[in-house]
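Secondary and tertiary structure notes
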Amino acid sequence: MRSSYQAGDVTLLLKDITGLVEPQPTEEREKLIQSGKHYCEMLPIEYVPTEKYMQVYKEALHKYSSVTAEAVGCLSDKIIGQKGKDVVLVSLARAGIPIGILVKRYMKLKYKINVPHYSISIIRGKGIDSRAMEYLLERHQPEQLLFVDGWIGKGAILNELKKDMEGYEGVSSDIAVVSDPANITELCGTHEDILIPSSCLNCTVSGLISRTFLRSDIIGPDDFHGAVYYGELKDADLSYEFIHAIEEHFSFKNHDNAQTVKGLGIDEVREIAKRFDIVDINFIKPGIGETTRVLLRRVPWKVLIDHKYKGHPELSHIVRLAEEKNVPIEYYPLRHYKCCGIIKKLADT
């Protein structure tokens, strides 16, 4: 699979389907998703940021690179402690890819090792790419593989992994993430809901590739899951600007992330569902990363922001996107998360 990443940073186990799928407008996709069509059978038109939004992104990158770098360092140390130096990083496309690259680069600088890094697709409700797993297990021992993602919102992908890995003896369903406000894994850089600047953009911070795609007329039984390469956006590509901005703040001291969080994020999500009379908790997307995704590629009903973070610069891009898309913001007490996006049920409109 083509991307704007250097070959030494990641091997993408994806089928290049550029030109085979016509991206669809957000509203059209949302109606199809809510009528039962799976999101992986369509691709969104990538959101083209406004000049004002890009200004907010640049400010976020400047202000929060050090926080992300600290969490990447902490995560990398935990990975080495748990898996050893023979680890093989398997990032989940696409949010996991820049994180996998950063972890790989951190390990090379601190531990003088060049760990393999692949990226594969996992799709909620469809599972992991079995062909990609075969490819990995032909080349590596099961216990070497470690899945990497950007953050955990509710934990849906972790649950998917737990189910899927029952079929792969010796492969751990653990997932290494920079941020886990849901409080369901210790293999994280922090339990705080932090702004990871790569969550603010789509393909232009992810090697110019789309989210992953799976439909039987295009993806055959022997194919990897698919993705599109947006070569026409190469002049807007910020993938390495993000990588280098985080790298500049790498600290190689021994990280001690002693922060603890009480309770589980999923319980808070259920409380939100009850409070706002939402039947399907998949409509609730908690945390900075997930809220951003809702605003970029779904049809949001409203955004909740914790009272304590009203006017906080860490959420400036959320507020900017909500204003641009006329999505109401409600200030609401949150415990695990700083914000939460709620998808609009289109049957009600």
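Structure: above.
The structure reproduced in this document is the subject of the present report. The structure displayed is predicted, hence computed values, not measured ones.

Helices and strands together make up the secondary structure of the chain, namely 9 helices and 14 strands. Taking 349 residues into account, the globule formula puts the C-alpha radius of gyration at 20 Å, and the chain, at 19 Å, falls close to it. Projected onto its principal axes, the C-alpha positions of the chain cover 50 × 50 × 40 Å. The buried share among the 349 residues of the chain stands at 57%. Taking as baseline every contact in the chain between residues at least 6 positions apart, the subset at least 24 positions apart corresponds to 80%. In the structure as shown, the chain presents an accessible area of about 14,900 Å², 48% of it carried by carbon and sulfur atoms. The positive charge centre, built from 45 side chains, and the negative charge centre, built from 49, are 2 Å apart in the chain.

Take the sheet that holds strand 3 (residues 88-92) next. Reading across from one edge, 1-4-3-7-8-9 is the order of the 6 strands in this open sheet, with parallel pairing throughout. The two strands at the open ends of the sheet, each matched to only one other strand, are strand 1 (11-12) and strand 9 (188-190). As paired elements, strand 8 (residues 175-179) and strand 9 share 2 bridges and run parallel to each other. Considered in strand 9, the bridge of Val-177 is made with Cys-188.

Taken together, the 4 strands give an open sheet; going across it, the order is 11-14-12-13, and neighbouring strands pair in mixed fashion. Edge positions in the open sheet fall to strand 11 (284-286) and strand 13 (329-331), since each of these has one partner strand only. Between one strand and the next, the sheet's axes are offset by a mean angle of 20°, whatever the strand orientation. Pairing between strand 12 (residues 300-305) and strand 13: 3 bridges, direction parallel. Note that in strand 13 the partner of Val-303 across the bridge is Ile-329.

As a further point, take the packing of helix 2 (residues 51-83) against helix 9 (residues 316-324). The interhelical angle for the contact between helix 2 and helix 9, taken along N-to-C directions, is 170°, at an axis separation of 9 Å. As judged from the angle between their axes, helix 2 and helix 9 are roughly antiparallel. On helix 9, the residues that touch Lys-52, Tyr-53 and Val-56 of helix 2 are Ser-316, His-317, Arg-320, Leu-321 and Glu-324. Partitioning the contact of helix 2 with helix 9 into residue classes produces 3 nonpolar, 2 polar and 3 charged.

What counts and what doesn't
Residues numbered from 1 in each chain as written. Predicted model: local features only at pLDDT ≥ 70, side-chain atom pairs only at ≥ 80, totals over all residues. Heavy atoms only, no water. Helix = DSSP H or I, 4+ residues; strand = E, 2+ residues; numbered from the N terminus. Rg over C-alpha atoms; globule rule 2.2 N^0.38 Å. Buried < 20%, exposed > 50% of the residue type's maximum accessible area, 1.4 Å probe, protein only. Contact = heavy atoms within 4.5 Å. Areas by Shrake-Rupley, 256 points an atom, 1.4 Å probe, with all protein chains shown as cover. Lys, Arg positive; Asp, Glu negative; His and termini not counted. Charge placed at Lys NZ, Arg CZ, Asp CG, Glu CD. Pairing = 2+ DSSP bridges. Axes fitted to C-alpha atoms, helices over the stretch in contact; angles between N-to-C directions. Parallel < 35°, antiparallel > 145°, perpendicular 65-115°, else oblique. Nonpolar A, V, L, I, M, F, W, Y, C, P; charged D, E, K, R; others polar.

Shape is all these values report; function is a separate question.
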